[in-house]
Amino acid sequence: MFSYCTDPQTLSGLTWLSCYLTTGKHMQFYISFGVVLLLLAITAPTALLFGFGGAAAARSRIWPVTWLGKGYIAIVRGVPDIAFFMFFVIALDQGFELMRHQLLCPDWDQPIRQGNDFVVCTQAKLPLGNAPQWVHEIYGFSLAVLTFAIVFGAFAANVLYGAMRAVPQAQLETAAAYGMTRRQIFWRILVPQMWVYALPGLGNLWMVLIKATPLLFLLGIEDIVYWARELGGTANPRFTDYPHGDWRVWYFLALLVFYLGFTRISEVFLERLMQKLTHGQATTGGDAQRKAAA
């Protein structure tokens, strides 16, 4: 903070505001925007990986694998997101601790379920009780990323499964007639061509993922929604050097500008990517480009 901010009571106007916006809590607020972007940067490719695996499993000829892929898509898509986020993170955390408990404490003779409490040995706790705060934060963030990836991976799997089915069957049959194996057809013919059919659905899913990032607040992570509520609420002069009324509308207005700007940038990027993918393709977008160039 600036040196002249040592006595906020003597400041006024823009000077007071500049000191207020550079407090330690506001720095945490600014960092939380990076947390959201980091979540998107990690979750998007991870969810796409889950989706690709689910779609490939759903179209497998081995029926247990097929049912596994289709069951993953149906179950996750059928559960409300908020219920999944509030329940699954707790179940995932307890599942990890249970596995560690069975490995590290084989002589434990007490029940793990004690009423509403889930009790494991100290060594099995995640993170350990004496771990520094940053370890707890990274662990919570990792659980959030995994939960987001599993949820949105199911939707991505449904999109990719439909895109695989949209690739003309004649091309796959032609590749088989030339002697290609099923693996070669999958990786050299099907996968490269499916993206043009999948991109509209994946683009919509990306927009939904952006709008779902405030769910981090429900997972106990200090994200932009948490800090907007924390900083925007009425500040009592007894507890702060920067008292103010209810300013939440201004903080949430800043979040509105952030999300609208980010989604607009995403729309421009996705539109250009679609133009590149459909260039020369036998699709509606490709036909439109050829007609425009004629």
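Residues numbered from 1 in each chain as written. Predicted model: local features only at pLDDT ≥ 70, side-chain atom pairs only at ≥ 80, totals over all residues. Heavy atoms only, no water.

Undergrad: Quick question: what am I supposed to make of the packing of aromatic side chains here?
TA: Two descriptors summarise a pair of aromatic rings, namely the distance from one centre to the other and the angle between the planes of the rings. By the definition in use, this model includes 14 aromatic pairs. Here Phe52 and Phe186 contribute two aromatic rings whose centre-to-centre distance is 5.9 Å and whose plane-to-plane angle is 55 degrees, an arrangement assigned as tilted. With a gap of 134 residues between them, Phe52 in helix H2 (residues 24–58) and Phe186 in helix H7 (residues 182–212) connect regions that are remote in the sequence. Owing to a relative accessible area of 17%, Phe52 belongs among the buried residues under this scheme. With a centroid separation of 6.2 Å and an interplanar angle of 55 degrees, the aromatic rings of Trp206 and Phe262 are classed as tilted. Of this pair, Trp206 sits in helix H7 while Phe262 sits in helix H9 (residues 248–278), placing them 56 residues apart in sequence. Trp206 sits in the partly exposed class, given a relative accessible area of 23%. (Phe/Tyr/Trp six-rings, centres within 6.5 Å; stacked < 30°, edge-to-face > 60°. Helix = DSSP H or I, 4+ residues; strand = E, 2+ residues; numbered from the N terminus. Buried < 20%, exposed > 50% of the residue type's maximum accessible area, 1.4 Å probe, protein only.)

Undergrad: Honestly, the side chain of Thr213 in this entry has me stumped. Any pointers?
TA: Mapped onto the secondary structure, Thr213 falls in the loop between H7 and helix H8 (224–232). The buried category is assigned to Thr213, whose relative accessible area is 0%. A polar atom in the side chain of Thr213 sits 2.7 Å from the backbone oxygen of Ile210. Not counting residues within four places of it along the chain, the set of residues in contact with Thr213 comprises Val36, Leu39, Leu40, Phe148, Asp223 and Tyr259. (Polar contact = N/O pair within 3.5 Å; in protein donor to acceptor, adjacent residues only side chain to side chain. Contact = heavy atoms within 4.5 Å.)

Undergrad: Would you explain the packing of H2 against H8 in this entry?
TA: The relative placement of two packed helices is expressed as an angle between their axes plus a distance between the axes. With their axes 8 Å apart at the nearest point, H2 and H8 run at an angle of 160 degrees to one another. Considering their axes alone, H2 and H8 lie roughly antiparallel with respect to each other. When the axes of H2 and H8 are compared, the crossing they make is left-handed. Here H2 contributes Lys25, His26, Gln28, Phe29, Ser32, Phe33 and Val36 to the contact with H8, which in turn contributes Ile224, Trp227, Ala228, Glu230 and Leu231. Residue composition of the contact of H2 with H8, grouped by class: seven nonpolar, three polar and two charged. (Axes fitted to C-alpha atoms, helices over the stretch in contact; angles between N-to-C directions. Parallel < 35°, antiparallel > 145°, perpendicular 65-115°, else oblique. Left-handed = near helix turned anticlockwise from the far one by under 90°. Nonpolar A, V, L, I, M, F, W, Y, C, P; charged D, E, K, R; others polar.)

Undergrad: What should I look at first to understand the side chain of Thr263 in this one?
TA: Its place among the elements puts Thr263 in helix H9. When near neighbours in sequence (up to four residues on either side) are disregarded, Thr263 contacts Met207 and Ile210.

Undergrad: Just to check I follow, could you spell out the state of the cysteines for this structure?
TA: In this structure the tally under the stated criterion is one disulfide. Bridging Cys105 to Cys121, the disulfide has an S-S length of 1.8 Å. One quick way to see it: the torsion about the S-S bond of Cys105 and Cys121 is about 85 degrees, and its sign makes the bridge right-handed. Taken as a pair, Cys105 in the loop between helix H4 (81–104) and strand S1 (113–114) and Cys121 in the loop between strand S2 (117–118) and helix H5 (133–166) lie far apart in primary sequence, 16 residues in all. Classification of Cys105 as buried rests on a relative accessible area of 11%. We classify Cys121 as buried; its relative accessible area is 3%. (Disulfide = S-S within 2.5 Å.)

Function-wise, these values are silent; they only describe arrangement.
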